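Architecture and fold: a report
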Amino acid sequence: MKHLELASGARMPAFGLGTWNSAPGEVGAAVRTALELGYRHIDCAAVYGNEAEVGDAFARAFADGVVAREDVWITSKLWCNAHRESEVGPALERTLADLRCEYLDLYLVHWPVALRADASPPAGPGDYLSLEEVPLEETWTGMRGVKARGLCRHIGVSNYSSKKLRSHAAFDDPPEIDQVEMHPYLRQDRLAGAASEHGVRLMAYSPLGSGARPATLQRSGDPVLLEDPTVRAIAAELSATPAQVLIAWALERGTCAIPKSTNPGRIAENLGGASLELDAASMARLDALDRGLRYVHGAFWAKEGSPYTVETLWDGDV
Ligand code: A2P
């Protein structure tokens, strides 16, 4: 298993299982299968609504001796309705209770967007809190607090632009990770440059093109990454699959990839991508596919009455 060295010197498995859009009744079995196959990183979030089932799978896998807790890297995320400093600890305690763990390896601020505690999902303009009301620095102070209490070993952010990452680099105990959408259609070179400058590692979500994203995120005309002719051609040349090529591309770039699957055959297939090697020519062909395409476009945060816009969310990063 490849690892990424974080700014603190910790080694994080560079490949893991995503659980966004993994249905209740399926996600626990997927986690169990992944751990049995040798996955050592599981990516979770409170808002996915399935952490209790994931936690049952962890508890059983640890009790059955499939793997020891300390040999699995568990990531989860703070939802937007708990951004005030005093709300971060209770939110993480709920996630730890659901996941049936005493600590997380990594806890991330899920979005640079704040909501009222009782307003998730937001139903109207009054449900949003602006970043003037709850500055990201306040949320970060809460994150540092839960790390100091030992509830998580590392802290980071998700969906943060290069501009927001730079602003956080000046904070005490800056983020070690930014988890963002990243694949050959969305290389995110500007963000990658800022991350490398500030010693932040990137985790690529939706590395296969987010085929399971909810209907609200589906736009007609969006190309299907797994069907891209270049991806398919490289897969055929290497006797690999398109998903394996996309995973190998992410790892070759020095990012972590967390493809989602609840299908046992595809969970195994994706692990094979973590040991696939791509040569420089194949990497260049994949790099050339970049078109700044976000499947998780963020327009859902920019509804009428929201203080957030797509522009202020991504700060011009493509
Ligand atoms: P499934 O869970 O049925 O396997 P992403 O990680 O980019 O969000 O992509 C997840 C989507 O890709 C899901 O729809 C998942 O479906 C599908 N998927 C996962 N692994 C593979 C694979 N090896 N080949 C094809 N589709 C895959």
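The structure we're discussing is the one just above.
Basis of the calculations
- Residues numbered from 1 in each chain as written.
- Predicted model: local features only at pLDDT ≥ 70, side-chain atom pairs only at ≥ 80, totals over all residues.
- Heavy atoms only, no water.
- Near = heavy atom within 4 Å.
- Polar contact = N/O pair within 3.5 Å; in protein donor to acceptor, adjacent residues only side chain to side chain.
- Areas by Shrake-Rupley, 256 points an atom, 1.4 Å probe, with all protein chains shown as cover.
- Helix = DSSP H or I, 4+ residues; strand = E, 2+ residues; numbered from the N terminus.
- Nonpolar A, V, L, I, M, F, W, Y, C, P; charged D, E, K, R; others polar.
- Expected span 1.5 Å × (residues − 1).
- Buried < 20%, exposed > 50% of the residue type's maximum accessible area, 1.4 Å probe, protein only.
- Contact = heavy atoms within 4.5 Å.
- Phe/Tyr/Trp six-rings, centres within 6.5 Å; stacked < 30°, edge-to-face > 60°.
- Pairing = 2+ DSSP bridges.
- Axes fitted to C-alpha atoms, helices over the stretch in contact; angles between N-to-C directions.
- Parallel < 35°, antiparallel > 145°, perpendicular 65-115°, else oblique.
- Left-handed = near helix turned anticlockwise from the far one by under 90°.
- Salt bridge = Lys/Arg side-chain N within 4 Å of Asp/Glu carboxyl O.
- Right-handed = clockwise from strand over helix to strand, strands pointing away.

1. Points about the site of the ligand
Residues in close proximity to the ligand total 17 residues, the closest being Leu208, Lys260, Ser261, Arg266 and Asn270. A distance of 2.9 Å is found between a nitrogen atom of the ligand and a side-chain nitrogen or oxygen belonging to Glu269. Considering the ligand on its own, with 570 Å² of exposed area, one finds that the protein chains cover 83% of that surface. Considering every element that reaches the shell around the ligand, the biggest residue donor is helix α9 (residues 264-273), with three residues. Here the residues of the shell around the ligand sort into six nonpolar, eight polar and three charged.

2. Comments concerning helix α2 (residues 51-63)
An α-helical turn contains 3.6 residues, so a residue and the one three or four places further along point in the same direction. Its 13 residues give α2 an end-to-end C-alpha distance of 18 Å, which sits within 8% of 18 Å, the value for a rise of 1.5 Å per residue. All of the buried residues in α2 are Glu51, Val54, Gly55, Ala57, Phe58, Ala59 and Ala61. At its buried positions, α2 is contacted by α1 (27-37), β4 (41-43), β5 (73-78) and α3 (85-99). Two residues or fewer past α2, Gly65 is found with a positive phi of approximately 75°.

3. Quick word on the packing of aromatic side chains
Describing an aromatic ring pair means giving the distance of the ring centres and the angle of the ring planes. Per the counting criterion, the structure on display carries eight aromatic pairs. For the pair Trp79 and Trp301, a centre-to-centre distance of 5.8 Å together with 35° between the ring planes defines the contact as tilted. Pair noted here: Trp79 is in the loop between β5 and α3 and Trp301 is in the loop between α10 (280-287) and α11 (310-314), with a separation of 222 residues, a long-range link. The class of Trp301 is buried, set by a relative accessible area of 4%. Measuring from centroid to centroid gives 5.9 Å for Trp111 and Trp301, while their planes differ by 65°, and the two rings are edge-to-face. Of the two residues, Trp111 sits in the loop between β6 (104-109) and β7 (114-115) while Trp301 sits in the loop between α10 and α11, which places them 190 residues apart along the sequence. Overall, Trp111 belongs to the buried group, its relative accessible area being 5%.

4. Some words on the sheet that holds β4
Spatial ordering of the open sheet is given by β3-β4-β5-β6-β9-β10-β11-β12, a layout of eight strands whose pairing is parallel. Edge positions in the sheet fall to β3 (17-18) and β12 (256-257), since each of these pairs with one other strand and no more. Judged from the two bridges that link them, strand β9 (residues 152-158) and strand β10 (residues 177-181) form a sheet pairing that is parallel. Residue pairing in the sheet places Ser158 in a bridge with Gln179 of β10. Each of β5, β6 and β9 touches helix α4 (residues 136-148); the most contacted strand, β9, lies at about 160° to it.

5. Details of the packing of helix α7 (residues 229-237) against α10
One way to put it is that α7 packs onto α10 with a least axis distance of 10 Å and a crossing angle of 160°. Taken together, the axis directions place α7 and α10 in an arrangement best described as roughly antiparallel. The interaxial crossing formed by α7 with α10 has left-handed handedness. Each of Thr230, Val231, Ala233, Ile234 and Glu237 in α7 lies in contact with α10, whose residues at this interface are Ser282, Arg285 and Leu286. Taken together, the residues of the contact of α7 with α10 break down into four nonpolar, two polar and two charged.

6. Thoughts on the pattern of salt bridges
Counting across every chain of the model gives 16 salt bridges. Residues Asp189 and Arg187 are paired through a salt bridge, measuring 2.4 Å at the closest nitrogen-oxygen approach. Here the salt bridges share partners, and the residues they tie into one network are Arg32, Glu36 and Asp64.

7. Topic: the pairing of β5
If a strand is regular, its side chains alternate between the two faces of the sheet. Counting buried positions along β5 gives six out of six residues, so the element sits mostly inside the fold. When β4 meets β5, the two strands line up parallel, connected through three bridges. Paired with His41 across the two strands is Trp73, which belongs to β5. The parallel pair β4 and β5, bridged by α2, forms a crossover whose chirality is right-handed.

8. Brief notes about the environment of Cys44
Mapped onto the elements, Cys44 comes out in the loop between β4 and α2. Residues in contact with Cys44, not counting those within four places in the same chain, are Thr19, Glu51, Val54, Ile74, Thr75, Ser76, Lys77 and Leu99.

9. Let's talk about the pairing of β9
Counting buried residues in β9 gives six out of seven residues, a clear majority hidden from the surface. As judged from the five bridges shared by β6 and β9, these two strands associate in the parallel manner. Opposite Tyr107, over in β9, you have Ile155 as the bridge partner. In terms of handedness, the path from β9 via helix α5 (residues 162-169) over to β10 forms a crossover that is right-handed.

10. Focus on the side chain of Thr255
Structurally, Thr255 is set in the loop between α8 (242-252) and β12. Classification of Thr255 by relative accessible area gives buried; the value is 7%. The residues contacting Thr255, other than those within four sequence positions of it, are Leu4, Ala14, Met182, Leu202, Ala204 and Ala250.

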